[in-house]
Structure formats: C-alpha cells, structure tokens
Amino acid sequence: MTHAHRYLAAMADRVTEWDAALIRQAVLVFAHLQEGRVSANDFRDYLPPTSQGAVGLIIRQLPTPKHGQLIRKATIQGHPITVPSTAESTHGKPIQVWELTNAGWNAARALMEGEVAA
C-alpha cells in the first residue's frame, strides 16, 4: 500500500457514520434531481463544515460492492467527465462527475419517496 493510500485509509477511518450517511444521501438526492449525474460542486455547500472535508473520501467508496455500487464515474466516449471545482481551496482543480447506477437510481427513488435511509 502506498503512502497516499495509507493516508486516505486513515482519513476514512476518522469519518463518522453520520457524515458518511449524510454525504451518501446528498449524492443520491442531487443526482436524482439532476438526471442521474452529480459532482461535489452540486451539494458541498449544503453540508455542515465537518462533513465537507469527507466528501471526496465517501464519494470514492460509493462505487464499491460494500457500499452498494450506487454510482460510477460518468464518461463520454470512454473518457471521464470532470468539471472545475468550485471550492476556493482547490483553485478550480478538476473533479469527477458521477452517475447513478441502476442500484443508485433505486436507492435514490426510495430515499426521495421516504421509504428508506441511504
């Protein structure tokens, strides 16, 4: 495991389940409202400051089987779609656009209808 991967794993271990659940819900709600695609720019400002720092860590976990494979990287002709970050601290660095999978659409619909928590 590289130093960067160890660092990210250590950071992910510090994220509370409340923050992770809040971010998962934000991803699902905003993607649902925006025809299935979302980036951190779309919802970051709606999160409390403590959750904002965990967005990148949590969103990278959502495509995994452990977290339900709710999203995948959005692509055009096989190339990842990115947009400039609106977070001042990133100076416009490109960030990934994500899209809902079938499981993500189902989870988003259920969440929007109040059936289950994300």
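Residues numbered from 1 in each chain as written. Predicted model: local features only at pLDDT ≥ 70, side-chain atom pairs only at ≥ 80, totals over all residues. Heavy atoms only, no water.

S.K.: Residues and numbers for helix 6 (residues 102–112), please.
M.R.: Count 3.6 residues to each turn of an α-helix, and residues three or four apart come out pointing the same way. For helix 6, every residue scored as buried is listed here: Gly104, Ala108, Ala110 and Leu111. All buried residues of helix 6 lie within an arc of 165° about the axis, which places them on one face of the element. As for helix 6, its buried residues are in contact with helix 2 (17–33) and strand 7 (98–100). A positive backbone phi angle near 75° is found at Gly114, which sits one or two residues after helix 6. (Buried < 20%, exposed > 50% of the residue type's maximum accessible area, 1.4 Å probe, protein only. Helix = DSSP H or I, 4+ residues; strand = E, 2+ residues; numbered from the N terminus. Arc of directions from axis to C-beta. Contact = heavy atoms within 4.5 Å.)

S.K.: Describe in detail the environment of Ala103, supporting the description with residues and values.
M.R.: Within the secondary structure, Ala103 is located in helix 6. When its relative accessible area of 35% is taken as the criterion, Ala103 is described as partly exposed. Separated by 33 residues in sequence, Ala103 and Leu70 have C-alpha atoms that sit 5.5 Å apart. Setting aside residues no more than four positions away along its own chain, Ala103 makes contact with Gly68, Gln69 and Leu70.

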